[in-house]
Amino acid sequence: MAVIAAALASAFSASAQTDNDTLVVTTTDTLVTRHPYAESSAQMYSVWCQVYGCLGRYNYAARKFEGLLAERWEQLDDLTWRFHLRRDLVRHDGGPGPTTADVLHSYNQVMTDPQSQGRFYLSSVKEIRRVDDHTFDIITKEPTSSLLGQLFDKFTITSEEIFRREGGVASYNTAPIGWGPYKLRNFAISERITLDRNEAYPGKVESSPRTVVFRRIQEPDQRVTALLNGEVHIARLIPPQLVGRLDNVPSVEVRRSPSNEPMFIGFNAKIKPWDDPRVRRAAAMAINKDIIIQRILFGMANRLDGPVGTEQVCYTTPIANRTPYDVQGARKLLAEAGYANGGPAVDFYTAAGRYISDRQVGEAITQMLNQAGFKVTLHTPEFASLWANVRAGKAPMYYMGRGLALEPSEWLSQYFETGVTPRISYSNPQLDALFDKDRKTFAFEERCKIIREISQLIDTEAPAIFLWNHQYVSGVRKGVRFVPDASGELWLPDVGL
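Residues numbered from 1 in each chain as written. Predicted model: local features only at pLDDT ≥ 70, side-chain atom pairs only at ≥ 80, totals over all residues. Heavy atoms only, no water.

## With respect to the pattern of salt bridges
Next, step 1: Tallied over the entire structure, the rule returns 41 salt bridges.
Next, step 2: Note that E127 is salt-bridged to R129, the shortest N-O span being 2.7 Å.
Next, step 3: The shortest N-O distance in the salt bridge between R165 and E166 comes to 3.4 Å.
Next, step 4: Through salt bridges with shared partners, a single ionic network connects D21, R197, E199, K204, E206 and R210. (Salt bridge = Lys/Arg side-chain N within 4 Å of Asp/Glu carboxyl O.)

As structure tokens, this is what we get:
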């Protein structure tokens, strides 16, 4: 890597507030790999998009998609989208700007690398076809109205030349070089990521930080303490019970934003008793979302009835037939499923410290399910272990969020369409047909009607229980220009010191 660990440690010996060129931000992510295609999380998509570069991003302030490596795009027909790459970019090492060869290489890496975790967002793509060095067509397997939502903010473009020169995947360690507005200086596994501003980036914002450190601090109390001590500039994911510690502190401001990260309980439908929709629906009826929001989250969350919330594309109003909170109704469903003399014994998994108040939420849900007749054992493993089991289809019941859920059909298909992922292992021909219909519908209002049908069916069948969207709460040192958005991540050129 470009800087030795000792230099980084020295930089950390000084308080964050003494260095006007360095922004220190907390993260709770596991930071387990430098491989840009081997992790599937909103944090790492955002980092790699700003280092290597991605085709485009969603601008929440403007509420539109905008290009990054792609200068413009157009839809040629129902199956063909044409993208034109920018020609004003220089690679971090002075090399050429992105080309179609780099896009084709990156597509191949996502689809064939054994470590890749990104195949789902390219699952609708049949092929990427070269037009010229800076123009390419994406041909989809079928009409895909949500293609931009699937690709933007996720599809990282890496250099084909560097990959060959540095011996393949080793290049992600030896030469993490791209075209983005920031350069990777250091990636200390499980500890921190350090980025430097790309001074050659077109339209560089002089007020954006020259150096950014994402520092992993998993414990919420420690994040707040680090902020108050001046060790970090932005402490993210402040749980509601700790917000009061930041009140009346002259050097700190509390900033909130809604989120588009739905929090949910996922069931693996191949693992008993969750193969029975009556048991899943009983669990949904046993959970009092409002009590948890009021008493544990201090009102700092927006209730979800179905999978689509207010910050997502196509939200209008809650679905018509919402699953009620009804403990007696839950007991009746369990009896119908064969558990009249005692509910099923189930294992429930949640991380502790990955999401806002996740342990406390897990404990409250456990109590509610037990009151309805379940026999729940709560487990709180490290998030990396839990996430690995979820992705492998080995977690029977788990509490989790889904970041970057702006485009509902894209991520709902990932979790609930037959055969896409083992995380839920749910299959419903009626739901599959709705996903297929949605992809083929390009008229926005018609698409939204279909997504509403999808939401209603998922709520009724309960392959997952959608609970709430947290309000993102960050503690920010005064003097830092930072307007949080619903992604929960930072677009660094928009941040100022």
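Picking up after the structure, the text goes on.
## A closer look at the packing of helix α13 (residues 408-416) against helix α15 (residues 444-461)
Next, step 1: Where α13 meets α15, the closest approach of the two axes is 11 Å, and the angle between their N-to-C directions is 35°. Like other packed secondary-structure pairs, α13 and α15 cross with a definite hand, here left-handed. Facing α13, whose interface residues are P408, S409, L412 and F416, α15 presents R447, I451, I454 and I458.
Next, step 2: Tallied by class, the residues present in the contact of α13 with α15 amount to 6 nonpolar, 1 polar and 1 charged. (Axes fitted to C-alpha atoms, helices over the stretch in contact; angles between N-to-C directions. Helix = DSSP H or I, 4+ residues; strand = E, 2+ residues; numbered from the N terminus. Left-handed = near helix turned anticlockwise from the far one by under 90°. Contact = heavy atoms within 4.5 Å. Nonpolar A, V, L, I, M, F, W, Y, C, P; charged D, E, K, R; others polar.)

## What about the pairing of strand β9 (residues 192-197)?
Next, step 1: With 5 of 6 residues buried, β9 is to be regarded as a mostly interior element.
Next, step 2: Taken together, the 5 bridges between β9 and strand β10 (residues 211-216) define a ladder with antiparallel strand orientation. Among the inter-strand pairings, D196 is bridged to a residue of β10, identified as T211. (Buried < 20%, exposed > 50% of the residue type's maximum accessible area, 1.4 Å probe, protein only. Pairing = 2+ DSSP bridges.)

## Here's the deal with the side chain of D113
Next, step 1: Considering the arrangement of structural elements, one finds D113 in the loop between α3 (100-112) and β6 (125-132).
Next, step 2: Among buried charged residues, D113 stands out as having no salt bridge; its nearest opposite-charge side chain is R119, 6.1 Å away.
Next, step 3: Engagement of the side chain of D113 in a polar contact is seen with the side chain of H35, the distance being 2.9 Å.
Next, step 4: Residues within four places of D113 in sequence aside, it is in contact with H35, N108, R119 and V169. (Lys, Arg positive; Asp, Glu negative; His and termini not counted. Polar contact = N/O pair within 3.5 Å; in protein donor to acceptor, adjacent residues only side chain to side chain.)

## Describing the packing of helix α8 (residues 277-286) against helix α10 (residues 327-336)
Next, step 1: Taken N-terminus to C-terminus, the directions of α8 and α10 make an angle of 165°; their axes are 8 Å apart at the nearest point. Taken together, the axes of α8 and α10 are roughly antiparallel relative to one another. The handedness of the crossing between α8 and α10 comes out as left-handed. Where α8 approaches α10, its residues R278, V279, R281, A282, M285 and A286 are matched on the opposing element by V327, G329, A330, L333, L334 and E336.
Next, step 2: Here the residues of the contact of α8 with α10 sort into 8 nonpolar, 1 polar and 3 charged. (Parallel < 35°, antiparallel > 145°, perpendicular 65-115°, else oblique.)

## Comments concerning the sheet that holds strand β7 (residues 135-140)
Next, step 1: Pairing in this open sheet of 4 strands is antiparallel, and the strands run β4-β5-β7-β6 from one edge to the other. In the strand order of this sheet, the two ends are held by β4 (70-75) and β6, each with one partner. Across the sheet, the mean angle separating the axes of adjacent strands is 20° when strand polarity is ignored.
Next, step 2: Here β4 runs beside strand β5 (residues 80-85); their pairing, made up of 5 bridges, is antiparallel. Counted as the bridge partner of E74 is R82 from β5.

## Examining the nonpolar core
Next, step 1: One finds F416 and W468 to be the most contacted residues of the largest nonpolar core, which totals 66 residues.
Next, step 2: One finds Y37, Y121, F152 and V495 within the second-largest nonpolar core, a separate group that totals 57 residues. (Core = buried A, V, L, I, M, F, W, Y, C linked by side-chain atoms within 4.5 Å.)

## Examining the packing of aromatic side chains
Next, step 1: Following the criterion strictly, the structure yields 28 aromatic pairs and no others.
Next, step 2: Where W48 meets Y52, the ring centres are 5.5 Å apart and the plane angle is 50°; that geometry is what we call tilted. The residues W48 and Y52 share a single accessibility class, namely buried.
Next, step 3: Between Y355 and F383, the ring centres sit 6.0 Å apart and the planes meet at 85°, which makes this aromatic pair edge-to-face. Separated by 28 residues along the polypeptide, Y355 in the loop between β15 (345-349) and α11 (358-371) and F383 in helix α12 (residues 383-391) bring together distant segments of the chain.
Next, step 4: With relative accessibility at 8%, the residue Y355 sits in the buried group. (Phe/Tyr/Trp six-rings, centres within 6.5 Å; stacked < 30°, edge-to-face > 60°.)

## Section: the environment of E410
Next, step 1: Inspection of the secondary structure puts E410 in helix α13.
Next, step 2: Exposure remark for E410: the relative accessible area of 5% places this residue in the buried category.
Next, step 3: It is 7.2 Å that separates the C-alpha atoms of E410 and G149, two residues lying 261 residues apart in sequence.
Next, step 4: E410 has contacts with F120, G149, Q150, K154, R402 and L404, leaving out every residue within four places of it along the chain.
Next, step 5: Looking at E410, its side chain comes within polar contact range of the side chain of R402, at 3.4 Å.

## Some details on the confidence of the model for the chain
Detailed reading of the predicted model is not advised wherever pLDDT is low.
Next, step 1: The predicted model of the chain has a mean per-residue pLDDT of 93, with 96% of residues at 70 or higher.
Next, step 2: In this model residues 1-18 is a low-confidence stretch, pLDDT under 50, and it forms 29 contacts with partners more than four residues away in sequence or in other chains. (pLDDT = per-residue confidence, 0-100.)

## Some words on the state of the cysteines
Next, step 1: On inspection of all chains with the given rule, the structure shows 2 disulfides.
Next, step 2: Residue C49 pairs covalently with C54 via a disulfide, S to S 1.8 Å.
Next, step 3: With its sulfur 2.0 Å from that of its partner, C314 forms a disulfide with C448. Classification of the bridge connecting C314 and C448 rests on its S-S torsion, roughly -75°, and on that basis the disulfide is left-handed. Of this pair, C314 sits in the loop between β14 (301-303) and α10 while C448 sits in helix α15, and the two are 134 residues apart along the sequence. Of the two residues, C314 and C448, both sit in the buried class.
Next, step 4: Along the chain, the cysteines engaged in disulfide bonds are linked according to the scheme 1-2, 3-4 when indexed in sequence order. (Disulfide = S-S within 2.5 Å.)

## Some points on unusual backbone geometry
Next, step 1: Between K272 and P273 the backbone carries a cis peptide bond, its omega angle lying at 5°.
Next, step 2: Within the secondary structure layout, P273 lies in the loop between β13 (262-267) and α8.
Next, step 3: Positive phi is not limited to glycine here, since F298 has a value of about 55°.
Next, step 4: Mapped onto the fold, F298 is located in the loop between α9 (289-295) and β14.
Next, step 5: When its relative accessible area of 46% is taken as the criterion, F298 is described as partly exposed.
Next, step 6: Its identity as a non-glycine residue notwithstanding, S357 has a phi of 50°, on the positive side.

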